[in-house]
Amino acid sequence: MSDTADRLKNIVGEKNLVEKPDFSSSSVGFKTDGRRLNPDYLVKPTNSDQVQAIVQLANERSLP
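As a convention, each chain's residues are numbered from 1 in the sequence order in which they are written. Totals for whole chains, interfaces and linings use all residues, but because this is a predicted model, local features are given only for residues with pLDDT of at least 70 and pairs of side-chain atoms are given and counted only at 80 or more. The basis for every side-chain value is the complete set of heavy atoms in the structure, and neither hydrogens nor water enter the calculation.

Draft legend 1. Expanded view of the layout of surface pockets. Here a cavity denotes a set of grid points, spaced 1 Å apart and computed over the protein atoms alone, in which a 1.4 Å probe fits but from which it cannot get out, and a pocket denotes an open set meeting protein on both sides within 12 Å along at least five of seven lines; residues with an atom within 4 Å of a point are reported as lining. Grid points are joined across faces, edges and corners, and a volume is the space filled by probe spheres set on the points. Considered as a void within the structure, the largest pocket measures approximately 400 Å³ in volume. Elements with a minimum of two residues in the lining of the largest pocket: α1 (3–12), β4 (41–43) and α2 (48–61). The way it works is that DSSP assigns letters per residue, a run of H or I at least four long becomes a helix, a run of E at least two long becomes a strand, and they are numbered from the N terminus. A total of 3 residues in the lining of the largest pocket trace back to one element, the largest contributor, which is α2. The residue classification treats Ala, Val, Leu, Ile, Met, Phe, Trp, Tyr, Cys and Pro as nonpolar and Asp, Glu, Lys and Arg as charged. All others, Gly included, are polar. Partitioned by chemical class, the residues of the lining of the largest pocket number 11 nonpolar, 2 polar and 1 charged.

Draft legend 2. Representation of the pattern of salt bridges within the structure. For salt bridges, the criterion is a side-chain nitrogen of Lys or Arg within 4 Å of an Asp or Glu carboxyl oxygen. Inspection of the entire model under this criterion finds 3 salt bridges. For Lys 20, the salt bridge is made with Asp 40, and the minimal N-O distance between the two is 3.1 Å. Remark: Asp 40 occurs in the loop between β3 (35–37) and β4 and Lys 20 occurs in the loop between β1 (17–19) and β2 (30–32); sequence separation between them is 20 residues.

Draft legend 3. Representation of the confidence of the model for the chain. pLDDT expresses how confident the predictor is about each individual residue, on a scale running from 0 to 100. In the predicted model, the chain carries a mean pLDDT of 86, and 83% of its residues have values of at least 70. No element of the chain has a lower mean pLDDT than β2, which averages 66, and none a higher one than α2, which averages 97.

Draft legend 4. Structural view of unusual backbone geometry. Positive phi values are uncommon outside glycine, yet Lys 20 reaches one of about 55°. Despite not being glycine, Ser 62 has its phi angle at roughly 55°, a positive value. Summary of the burial criterion: residues with accessible area below 20% of their type's maximum are buried, those above 50% are exposed, and those between are partly exposed, where the area comes from a 1.4 Å probe applied to protein chains only. Using a relative accessible area of 65% as the deciding quantity, one classes Ser 62 as exposed.

Here it is as structure tokens:
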């Protein structure tokens, strides 16, 4: 597990983190140059403190 995944797991808990989620049959993801880019992580925060910590981590790492 990567350092980012570890940090996210510490924020939301292991059961609320999915690494490399499968969105192959969904419209979720980002489209660029005709390609679909899926997120590396799916997090399920349960409160505003967790959301704030996730945003801070994303800003630190320049993650979308």
